[in-house]
Amino acid sequence: MCSSDLRLDASLQDAQIEIRRGATVIESLTGLRGRLQQSQGSPLQLQLETQLAALPDRPPGDLQIAAAVDWQKSRAEANVTTTGIELARLRALTKDALPPEAISTLAGRVRGSCRMDLQDFAAPTVSLDGQLRIADPHVAGAWLGGMNLRGQEWTLRPSLRGSLDDWTAGKLPRWTHDFAIDLGCASVRAVEGDENSLAAEFALDVAAMAAWGGPIPDGLGRIPAKLRGSASLPLHDGHLPPFAQIPSLLVTKLDATCGALDLEGMQLRGLAATAELERGELRLQSKPGGTLNQGALQITAHADLRDLEVPQGDFALQWSGGRVEGQALHLRSEEHTSELQSPCNLV
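None of the values given here were measured: they were computed from a predicted structure.

Draft legend 1. Broad picture of the overall build of the protein chain. Within the protein chain one finds five helices and 23 strands. Principal-axis analysis of the C-alpha atoms places the extent of the protein chain at approximately 85 × 45 × 35 Å. The 347 residues of the protein chain split such that 30% are buried. Here the contacts in the protein chain between residues at least 6 apart in sequence split such that 47% fall between residues at least 24 apart. Surface accessibility of the protein chain: about 20700 Å² in total, with carbon and sulfur atoms responsible for 56%.

In C-alpha coordinates form, the structure reads like this:
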(Lines give C-alpha, C1' and ligand atoms only; values in the text may rest on other atoms or scores of the structure.)
Protein backbone atom coordinates (compact mmCIF):
# COMPACT_ATOMS: atom_id res chain seq x y z
CA MET A 1 0.00 0.00 0.00
CA CYS A 2 1.36 3.47 -0.88
CA SER A 3 1.60 6.00 1.90
CA SER A 4 -0.87 8.26 0.03
CA ASP A 5 -3.52 5.48 0.23
CA LEU A 6 -3.14 5.07 3.98
CA ARG A 7 -6.14 5.86 6.17
CA LEU A 8 -5.47 5.91 9.86
CA ASP A 9 -7.21 7.15 12.99
CA ALA A 10 -5.90 5.95 16.35
CA SER A 11 -6.32 7.55 19.76
CA LEU A 12 -4.85 7.15 23.23
CA GLN A 13 -6.57 8.18 26.44
CA ASP A 14 -5.37 8.53 30.05
CA ALA A 15 -2.20 6.49 29.58
CA GLN A 16 0.72 6.56 31.99
CA ILE A 17 4.43 6.04 31.36
CA GLU A 18 7.07 5.61 34.06
CA ILE A 19 10.82 5.64 33.55
CA ARG A 20 12.75 3.92 36.33
CA ARG A 21 16.34 3.57 37.33
CA GLY A 22 16.27 0.42 39.43
CA ALA A 23 13.43 0.91 41.87
CA THR A 24 13.52 4.71 41.59
CA VAL A 25 11.06 6.56 39.35
CA ILE A 26 13.03 9.25 37.49
CA GLU A 27 10.18 10.39 35.23
CA SER A 28 6.43 9.87 35.24
CA LEU A 29 4.01 10.94 32.51
CA THR A 30 0.34 10.84 33.50
CA GLY A 31 -2.93 11.61 31.75
CA LEU A 32 -1.24 10.93 28.40
CA ARG A 33 -3.63 11.63 25.53
CA GLY A 34 -2.87 11.41 21.85
CA ARG A 35 -4.22 10.98 18.37
CA LEU A 36 -2.59 9.71 15.18
CA GLN A 37 -4.55 10.13 11.99
CA GLN A 38 -4.23 10.33 8.22
CA SER A 39 -6.79 10.44 5.49
CA GLN A 40 -6.21 9.88 1.78
CA GLY A 41 -3.77 12.43 0.35
CA SER A 42 -3.35 14.37 3.60
CA PRO A 43 -0.31 14.58 5.92
CA LEU A 44 0.08 12.17 8.79
CA GLN A 45 -0.93 14.06 11.97
CA LEU A 46 0.22 13.34 15.53
CA GLN A 47 -0.95 15.14 18.66
CA LEU A 48 0.20 14.33 22.19
CA GLU A 49 -0.55 15.97 25.52
CA THR A 50 0.62 14.87 28.94
CA GLN A 51 1.19 15.97 32.50
CA LEU A 52 4.51 15.36 34.22
CA ALA A 53 3.75 14.05 37.68
CA ALA A 54 5.27 15.58 40.79
CA LEU A 55 8.30 13.67 42.07
CA PRO A 56 10.08 13.96 45.45
CA ASP A 57 12.49 16.66 44.22
CA ARG A 58 10.55 18.03 41.23
CA PRO A 59 7.18 19.82 40.90
CA PRO A 60 4.67 18.80 38.22
CA GLY A 61 4.83 20.05 34.63
CA ASP A 62 3.11 19.74 31.28
CA LEU A 63 4.01 19.06 27.66
CA GLN A 64 2.17 19.27 24.34
CA ILE A 65 3.54 17.90 21.04
CA ALA A 66 2.02 18.37 17.58
CA ALA A 67 3.65 16.82 14.50
CA ALA A 68 2.80 16.35 10.84
CA VAL A 69 4.48 14.33 8.08
CA ASP A 70 3.67 14.98 4.43
CA TRP A 71 5.14 12.15 2.35
CA GLN A 72 4.15 13.71 -0.97
CA LYS A 73 5.89 17.02 -0.24
CA SER A 74 8.79 15.31 1.59
CA ARG A 75 8.29 17.52 4.62
CA ALA A 76 7.80 17.08 8.36
CA GLU A 77 7.19 19.59 11.13
CA ALA A 78 6.83 19.41 14.89
CA ASN A 79 5.90 21.86 17.61
CA VAL A 80 6.63 21.37 21.31
CA THR A 81 4.96 23.61 23.92
CA THR A 82 5.06 23.79 27.70
CA THR A 83 3.71 26.14 30.36
CA GLY A 84 6.21 24.81 32.87
CA ILE A 85 8.88 22.08 33.04
CA GLU A 86 11.74 21.91 35.53
CA LEU A 87 15.22 21.54 34.00
CA ALA A 88 16.02 19.18 36.87
CA ARG A 89 13.95 16.57 35.03
CA LEU A 90 16.43 16.64 32.16
CA ARG A 91 19.30 16.30 34.60
CA ALA A 92 17.78 13.12 36.03
CA LEU A 93 17.28 11.58 32.59
CA THR A 94 20.87 12.28 31.47
CA LYS A 95 22.56 11.31 34.71
CA ASP A 96 24.03 8.07 33.33
CA ALA A 97 25.08 9.66 30.02
CA LEU A 98 27.15 12.54 31.44
CA PRO A 99 30.04 12.58 33.94
CA PRO A 100 28.81 13.95 37.31
CA GLU A 101 31.15 16.95 37.09
CA ALA A 102 30.10 17.91 33.52
CA ILE A 103 26.85 19.57 34.62
CA SER A 104 26.79 19.64 38.42
CA THR A 105 23.71 21.88 38.65
CA LEU A 106 20.78 22.21 36.25
CA ALA A 107 17.73 24.07 37.52
CA GLY A 108 15.06 26.47 36.33
CA ARG A 109 11.47 26.33 35.12
CA VAL A 110 10.99 26.46 31.34
CA ARG A 111 7.95 27.75 29.49
CA GLY A 112 7.46 28.46 25.80
CA SER A 113 7.54 26.58 22.53
CA CYS A 114 9.89 25.35 19.81
CA ARG A 115 9.06 24.49 16.22
CA MET A 116 11.13 22.30 13.90
CA ASP A 117 10.60 22.08 10.14
CA LEU A 118 12.36 19.39 8.09
CA GLN A 119 12.29 19.46 4.30
CA ASP A 120 13.48 17.01 1.64
CA PHE A 121 13.80 13.58 3.24
CA ALA A 122 16.56 12.58 0.77
CA ALA A 123 18.85 15.51 1.71
CA PRO A 124 17.14 17.02 4.74
CA THR A 125 17.41 20.66 5.75
CA VAL A 126 16.24 21.73 9.19
CA SER A 127 14.76 24.97 10.51
CA LEU A 128 14.39 25.57 14.24
CA ASP A 129 12.43 28.49 15.74
CA GLY A 130 10.72 29.39 18.98
CA GLN A 131 11.05 31.18 22.27
CA LEU A 132 11.80 29.74 25.68
CA ARG A 133 11.81 31.56 29.01
CA ILE A 134 13.60 30.06 31.99
CA ALA A 135 12.65 31.33 35.45
CA ASP A 136 15.25 31.15 38.27
CA PRO A 137 17.87 29.47 36.04
CA HIS A 138 20.97 27.91 37.59
CA VAL A 139 23.55 26.00 35.56
CA ALA A 140 27.06 25.03 36.69
CA GLY A 141 29.73 22.45 35.94
CA ALA A 142 32.99 21.63 34.23
CA TRP A 143 31.47 21.98 30.77
CA LEU A 144 31.05 25.69 31.55
CA GLY A 145 34.65 26.13 32.64
CA GLY A 146 33.66 26.01 36.30
CA MET A 147 31.25 28.93 35.93
CA ASN A 148 28.15 29.16 38.11
CA LEU A 149 25.49 30.75 35.89
CA ARG A 150 22.28 31.94 37.47
CA GLY A 151 19.74 34.76 37.17
CA GLN A 152 16.11 35.77 37.55
CA GLU A 153 15.04 34.88 34.02
CA TRP A 154 16.71 33.92 30.75
CA THR A 155 15.19 34.16 27.28
CA LEU A 156 16.29 31.96 24.38
CA ARG A 157 15.20 32.29 20.75
CA PRO A 158 16.90 29.43 18.86
CA SER A 159 16.31 30.51 15.27
CA LEU A 160 18.60 28.22 13.24
CA ARG A 161 18.82 26.89 9.70
CA GLY A 162 21.03 24.26 8.15
CA SER A 163 21.57 20.93 6.44
CA LEU A 164 21.16 17.90 8.68
CA ASP A 165 24.23 16.34 7.04
CA ASP A 166 26.26 19.46 7.88
CA TRP A 167 25.06 19.43 11.51
CA THR A 168 26.04 15.78 11.95
CA ALA A 169 29.45 16.64 10.43
CA GLY A 170 29.97 19.25 13.16
CA LYS A 171 29.37 22.33 11.04
CA LEU A 172 27.67 25.29 12.70
CA PRO A 173 24.06 25.97 11.73
CA ARG A 174 23.22 29.34 10.23
CA TRP A 175 21.38 31.63 12.59
CA THR A 176 18.77 34.13 11.40
CA HIS A 177 18.07 37.66 12.62
CA ASP A 178 15.55 36.22 15.14
CA PHE A 179 18.25 34.28 17.01
CA ALA A 180 18.82 35.77 20.47
CA ILE A 181 20.04 34.80 23.93
CA ASP A 182 19.38 37.04 26.93
CA LEU A 183 20.97 35.95 30.22
CA GLY A 184 20.24 39.20 32.02
CA CYS A 185 23.80 40.46 32.41
CA ALA A 186 24.83 39.19 28.96
CA SER A 187 22.84 39.16 25.74
CA VAL A 188 23.50 38.28 22.10
CA ARG A 189 21.30 39.00 19.09
CA ALA A 190 22.14 37.71 15.65
CA VAL A 191 22.70 39.98 12.69
CA GLU A 192 22.12 38.29 9.36
CA GLY A 193 25.16 38.32 7.10
CA ASP A 194 26.57 35.96 4.52
CA GLU A 195 26.57 32.20 5.05
CA ASN A 196 30.31 32.14 5.72
CA SER A 197 30.35 34.26 8.86
CA LEU A 198 28.75 34.76 12.26
CA ALA A 199 27.61 38.28 13.09
CA ALA A 200 25.92 39.51 16.24
CA GLU A 201 25.21 42.46 18.50
CA PHE A 202 25.96 42.05 22.20
CA ALA A 203 25.59 43.72 25.58
CA LEU A 204 27.50 42.84 28.75
CA ASP A 205 27.32 43.94 32.39
CA VAL A 206 30.88 43.29 33.57
CA ALA A 207 30.28 43.43 37.34
CA ALA A 208 27.26 41.11 37.16
CA MET A 209 29.12 38.60 34.97
CA ALA A 210 31.93 38.41 37.52
CA ALA A 211 29.52 36.61 39.86
CA TRP A 212 29.58 33.66 37.45
CA GLY A 213 33.10 32.80 38.60
CA GLY A 214 35.13 30.24 36.71
CA PRO A 215 37.69 31.90 34.42
CA ILE A 216 36.21 35.38 35.05
CA PRO A 217 38.49 37.29 37.50
CA ASP A 218 36.85 38.17 40.84
CA GLY A 219 38.22 41.71 40.60
CA LEU A 220 35.84 42.53 37.75
CA GLY A 221 33.02 42.48 40.29
CA ARG A 222 34.21 45.87 41.55
CA ILE A 223 34.09 47.50 38.09
CA PRO A 224 30.61 48.86 37.21
CA ALA A 225 31.23 48.73 33.46
CA LYS A 226 28.78 48.02 30.68
CA LEU A 227 29.74 47.07 27.13
CA ARG A 228 27.61 47.23 24.00
CA GLY A 229 28.68 46.54 20.44
CA SER A 230 28.82 44.23 17.44
CA ALA A 231 31.11 41.45 16.26
CA SER A 232 31.65 39.44 13.08
CA LEU A 233 33.74 36.30 12.61
CA PRO A 234 34.33 34.45 9.33
CA LEU A 235 33.88 30.68 9.30
CA HIS A 236 36.11 28.04 7.73
CA ASP A 237 33.83 25.73 5.74
CA GLY A 238 31.14 26.04 8.38
CA HIS A 239 33.53 25.63 11.34
CA LEU A 240 35.00 28.13 13.77
CA PRO A 241 38.59 29.09 12.92
CA PRO A 242 41.42 27.91 15.20
CA PHE A 243 41.52 29.86 18.47
CA ALA A 244 44.92 31.43 17.70
CA GLN A 245 43.52 32.93 14.47
CA ILE A 246 40.40 34.48 15.98
CA PRO A 247 41.99 37.84 17.02
CA SER A 248 43.22 38.34 13.45
CA LEU A 249 39.83 37.52 11.91
CA LEU A 250 37.38 38.99 14.41
CA VAL A 251 35.90 42.41 13.66
CA THR A 252 34.46 44.11 16.75
CA LYS A 253 33.18 47.58 17.58
CA LEU A 254 31.99 48.48 21.06
CA ASP A 255 31.05 51.31 23.38
CA ALA A 256 32.00 51.02 27.04
CA THR A 257 30.74 53.02 30.01
CA CYS A 258 31.88 52.81 33.62
CA GLY A 259 29.94 54.02 36.63
CA ALA A 260 31.47 55.59 39.72
CA LEU A 261 34.55 53.61 40.78
CA ASP A 262 36.48 54.20 44.02
CA LEU A 263 39.71 52.27 44.42
CA GLU A 264 42.65 52.90 46.77
CA GLY A 265 41.98 56.62 46.99
CA MET A 266 41.26 56.96 43.27
CA GLN A 267 37.84 58.27 42.27
CA LEU A 268 36.91 57.55 38.66
CA ARG A 269 33.80 59.21 37.28
CA GLY A 270 32.05 59.38 33.92
CA LEU A 271 34.51 57.23 31.99
CA ALA A 272 33.33 56.12 28.55
CA ALA A 273 35.27 54.80 25.58
CA THR A 274 35.01 53.30 22.13
CA ALA A 275 37.07 50.35 20.93
CA GLU A 276 37.59 48.64 17.59
CA LEU A 277 39.28 45.35 16.74
CA GLU A 278 40.05 44.61 13.09
CA ARG A 279 42.73 42.46 11.47
CA GLY A 280 44.26 41.84 14.87
CA GLU A 281 44.66 45.52 15.78
CA LEU A 282 42.86 46.88 18.82
CA ARG A 283 42.31 50.63 19.19
CA LEU A 284 40.71 52.28 22.21
CA GLN A 285 39.84 55.94 22.74
CA SER A 286 38.13 57.42 25.79
CA LYS A 287 35.37 59.97 25.33
CA PRO A 288 35.44 63.51 26.79
CA GLY A 289 33.92 63.94 30.25
CA GLY A 290 35.78 61.30 32.24
CA THR A 291 37.53 62.39 35.44
CA LEU A 292 40.05 60.92 37.88
CA ASN A 293 39.98 62.58 41.31
CA GLN A 294 38.12 65.52 39.73
CA GLY A 295 40.76 65.97 37.02
CA ALA A 296 40.08 65.55 33.31
CA LEU A 297 41.15 62.11 32.09
CA GLN A 298 41.82 60.88 28.55
CA ILE A 299 43.06 57.41 27.58
CA THR A 300 44.22 56.05 24.24
CA ALA A 301 45.57 52.57 23.55
CA HIS A 302 46.69 50.48 20.61
CA ALA A 303 47.58 46.79 20.64
CA ASP A 304 48.66 44.26 18.03
CA LEU A 305 46.97 40.96 18.91
CA ARG A 306 47.90 38.96 15.81
CA ASP A 307 50.39 36.98 17.91
CA LEU A 308 48.80 36.27 21.29
CA GLU A 309 52.04 34.84 22.67
CA VAL A 310 53.88 38.13 22.07
CA PRO A 311 51.29 40.94 22.05
CA GLN A 312 52.56 44.46 21.41
CA GLY A 313 51.03 47.84 22.03
CA ASP A 314 51.19 51.30 23.51
CA PHE A 315 49.14 53.15 26.08
CA ALA A 316 48.80 56.87 26.74
CA LEU A 317 47.09 58.62 29.62
CA GLN A 318 46.49 62.35 29.97
CA TRP A 319 45.36 63.66 33.33
CA SER A 320 45.14 67.27 34.41
CA GLY A 321 43.68 69.20 37.31
CA GLY A 322 43.28 66.21 39.62
CA ARG A 323 44.58 65.54 43.13
CA VAL A 324 46.28 62.50 44.64
CA GLU A 325 45.73 62.10 48.36
CA GLY A 326 44.97 59.59 51.10
CA GLN A 327 45.56 55.92 50.26
CA ALA A 328 46.56 56.78 46.68
CA LEU A 329 49.83 58.26 47.97
CA HIS A 330 50.90 54.83 49.24
CA LEU A 331 50.57 52.94 45.95
CA ARG A 332 53.87 51.27 45.09
CA SER A 333 55.56 52.25 41.84
CA GLU A 334 55.91 48.60 40.78
CA GLU A 335 52.11 48.29 40.84
CA HIS A 336 51.90 51.04 38.20
CA THR A 337 54.51 49.25 36.11
CA SER A 338 52.69 45.92 36.20
CA GLU A 339 49.43 47.54 35.18
CA LEU A 340 50.71 49.62 32.27
CA GLN A 341 53.62 47.67 30.76
CA SER A 342 53.80 50.32 28.02
CA PRO A 343 55.06 53.89 27.65
CA CYS A 344 52.84 56.23 29.62
CA ASN A 345 52.56 60.02 29.51
CA LEU A 346 51.13 61.91 32.48
CA VAL A 347 50.22 65.56 31.91
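Draft legend 2. Structural context of the pattern of salt bridges. Under the definition given, this model contains 21 salt bridges. With its nearest N and O atoms 3.6 Å apart, the salt bridge here joins Arg115 to Asp117. On the accessibility criterion, Asp117 (6% relative accessible area) is buried. A single salt-bridge network, built from bridges that share partners, covers Arg75, Glu77, Arg115 and Asp117.

Draft legend 3. Geometry of a nonpolar patch on the surface. Residues Leu8, Leu36 and Leu46 make up a contiguous nonpolar surface patch of about 180 Å² in total accessible area. Mapped onto the fold, Leu46 is located in strand 3 (residues 44-52).

Draft legend 4. The arrangement of unusual backbone geometry in detail. A positive phi angle, near 50 degrees, is found at Ser74, a position not held by glycine. Assignment of secondary structure puts Ser74 in the loop between strand 4 (61-70) and strand 5 (75-86). One non-glycine residue, Arg279, lies in positive phi territory at about 55 degrees. With respect to the helices, strands and loops of the structure, Arg279 is situated in the loop between strand 19 (271-278) and strand 20 (281-286).

Draft legend 5. Expanded view of the pairing of strand 6 (residues 105-119). Pairing of strand 5 with strand 6, which is carried by ten bridges, proceeds in the antiparallel orientation. In the sheet register, Val80 faces strand 6, and the bridge partner there is Cys114. Where strand 6 meets strand 7 (residues 125-140), 14 bridges bridge the pair, whose relative direction is antiparallel. Looking at the pairing, Val110 lines up with Ile134 of strand 7. As consecutive antiparallel partners, strand 6 and strand 7 are separated by five residues, and within that stretch Asp120 has a phi angle of approximately 65 degrees, a positive value.

The rules behind these values
- Residues numbered from 1 in each chain as written.
- Predicted model: local features only at pLDDT ≥ 70, side-chain atom pairs only at ≥ 80, totals over all residues.
- Heavy atoms only, no water.
- Helix = DSSP H or I, 4+ residues; strand = E, 2+ residues; numbered from the N terminus.
- Buried < 20%, exposed > 50% of the residue type's maximum accessible area, 1.4 Å probe, protein only.
- Contact = heavy atoms within 4.5 Å.
- Areas by Shrake-Rupley, 256 points an atom, 1.4 Å probe, with all protein chains shown as cover.
- Salt bridge = Lys/Arg side-chain N within 4 Å of Asp/Glu carboxyl O.
- Patch = residues over 30% accessible without salt bridge, like charges linked within 9 Å, V, L, I, M, F, W, Y side chains within 5 Å.
- Pairing = 2+ DSSP bridges.

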